[in-house]
Amino acid sequence: FMASAIAVHRLGEDLRAAVLYEQCFETENERTLPLHELRDIYARQGKLPELVETLRRLLQLGEGKLSANEQAALLFAMGELFERLDEQGEGVKHYKESLAKSPAFLPARRALIRALRAGEHWAEVAALLRNDADNESDNARRYDVLIQLAELTEWQLEKPDESIALLEEAWKIEPGRSTAS
């Protein structure tokens, strides 16, 4: 482990350090420190597939040791990487797994909605927005989510009656506010 640390920190030899960290992990596969170092090296080098695999190994090694929020953060990071690798389906899958671990993890929720919108999975987007509206305690934000949901319901789902009901629900929350604000 020390040789790899010296290689990366003092000599700036990422490739040599990566090989040494991999060897260190193979012999002492219960230690997470080599994986954290590998994660940083692969991120610096832009080696996305290796980075995904390293995060997967961190997640597996942390099973039972990581908090739900830590697991959600790793799954979210994997989802982002899969999207960068043009594997949207895997990205969506990992965002959903992240939310299963920590339902209130906002970055994963936003990424999932964005990815589902990009894939035109309107019914799933609508379900997420409805859930957000139902669980939002701030009236202004709840109003905004309901307006988004009403627009999506009208234009993408082509359900004007449901859209009107959503607009009416929003207007009950903030009667004087217009949809343009």
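Here goes a summary of the coordinates provided. Computed from a prediction, not measured in an experiment: that's the story for all the values here.

### Quick word on the packing of aromatic side chains
Thinking step 1. Summed over the entire model, instances satisfying the criterion amount to two aromatic pairs.
Thinking step 2. Centroid distance Phe76 to Tyr95: 5.8 Å. Interplanar angle 40°. Geometry classified as tilted. Here Tyr95 lies in helix α6 (residues 88–101) and Phe76 lies in helix α5 (residues 68–84), a separation of 19 residues in the sequence.
Thinking step 3. Judged by relative accessible area, Phe76 falls into the buried class, the value being 15%.
Thinking step 4. Relative accessible area serves as the criterion here: at 0%, Tyr95 is assigned to the buried category.
Thinking step 5. With a centroid separation of 5.7 Å and an interplanar angle of 80°, the aromatic rings of Phe76 and Phe105 are classed as edge-to-face. Residue Phe76 is found in helix α5, and its partner Phe105 is found in the loop between α6 and α7 (106–118); the two are separated by 29 residues along the sequence. Just as Phe76 is buried, Phe105 falls in that class too.
Thinking step 6. Through a chain of ring-to-ring contacts, three or more aromatic side chains come together here, namely Phe76, Tyr95 and Phe105.

### Section: the packing of α5 against α6
Thinking step 1. Their axes nearest at 7 Å, the elements α5 and α6 cross at an angle of 170°. The pairing of α5 with α6 is recorded here as roughly antiparallel in orientation. Mapping the contact onto sequence places Ala68, Gln71, Ala72, Leu75, Phe76, Met78, Gly79, Glu80, Phe82 and Glu83 in α5 and Gln88, Glu90, Gly91, His94, Tyr95, Glu97, Ser98 and Lys101 in α6.
Thinking step 2. When its residues are assigned to classes, the contact of α5 with α6 shows seven nonpolar, six polar and five charged.

### Focus: the nonpolar core
Thinking step 1. Judged by nonpolar contacts, the single largest core of 29 residues is most densely connected at Phe76, Tyr95, Leu112, Leu116, Val125, Leu129 and Leu146.
Thinking step 2. The element contributing the most residues to this core is helix α9 (residues 139–155), with seven residues.
Thinking step 3. Beyond its immediate chain neighbours, meaning those up to four positions away, Leu129 contacts Ile113, Arg117, Val145, Gln148 and Leu149.
Thinking step 4. Leu51, Leu55, Leu58 and Leu59 belong to the second largest nonpolar core, which has 18 residues in total.

### Structural notes on the pattern of salt bridges
Thinking step 1. Taken as a whole and judged by the stated rule, the model has 13 salt bridges.
Thinking step 2. Note that Glu174 is salt-bridged to Arg177, the shortest N-O span being 3.4 Å.
Thinking step 3. The network of salt bridges with shared partners includes Arg130, Asp134, Arg142 and Glu169.

### Remarks on α7
Thinking step 1. Compared with the 18 Å implied by 1.5 Å per residue over 13 residues, the 18 Å span of α7 between its first and last C-alpha is a close match.
Thinking step 2. Residues of α7 that are buried sit in contact with α5, α6 and α8 (122–135).
Thinking step 3. Just beyond α7, the residue with positive phi is Glu120, at close to 55°.

### So, unusual backbone geometry
Trans peptide bonds make up most of the peptide bonds, and negative phi angles are found at most residues other than glycine.
Thinking step 1. Although it is not a glycine, Asp86 sits at a positive phi angle of roughly 60°.
Thinking step 2. Following the sequence through the fold, Asp86 ends up in the loop between α5 and α6.
Thinking step 3. Classification of Asp86 as exposed rests on a relative accessible area of 60%.
Thinking step 4. For Glu120, which is not a glycine, the phi torsion comes out positive at approximately 55°.
Thinking step 5. Looking at where Glu120 falls in the secondary structure, it is placed in the loop between α7 and α8.

Thresholds applied
Residues numbered from 1 in each chain as written. Predicted model: local features only at pLDDT ≥ 70, side-chain atom pairs only at ≥ 80, totals over all residues. Heavy atoms only, no water. Phe/Tyr/Trp six-rings, centres within 6.5 Å; stacked < 30°, edge-to-face > 60°. Helix = DSSP H or I, 4+ residues; strand = E, 2+ residues; numbered from the N terminus. Buried < 20%, exposed > 50% of the residue type's maximum accessible area, 1.4 Å probe, protein only. Axes fitted to C-alpha atoms, helices over the stretch in contact; angles between N-to-C directions. Parallel < 35°, antiparallel > 145°, perpendicular 65-115°, else oblique. Contact = heavy atoms within 4.5 Å. Nonpolar A, V, L, I, M, F, W, Y, C, P; charged D, E, K, R; others polar. Core = buried A, V, L, I, M, F, W, Y, C linked by side-chain atoms within 4.5 Å. Salt bridge = Lys/Arg side-chain N within 4 Å of Asp/Glu carboxyl O. Expected span 1.5 Å × (residues − 1).

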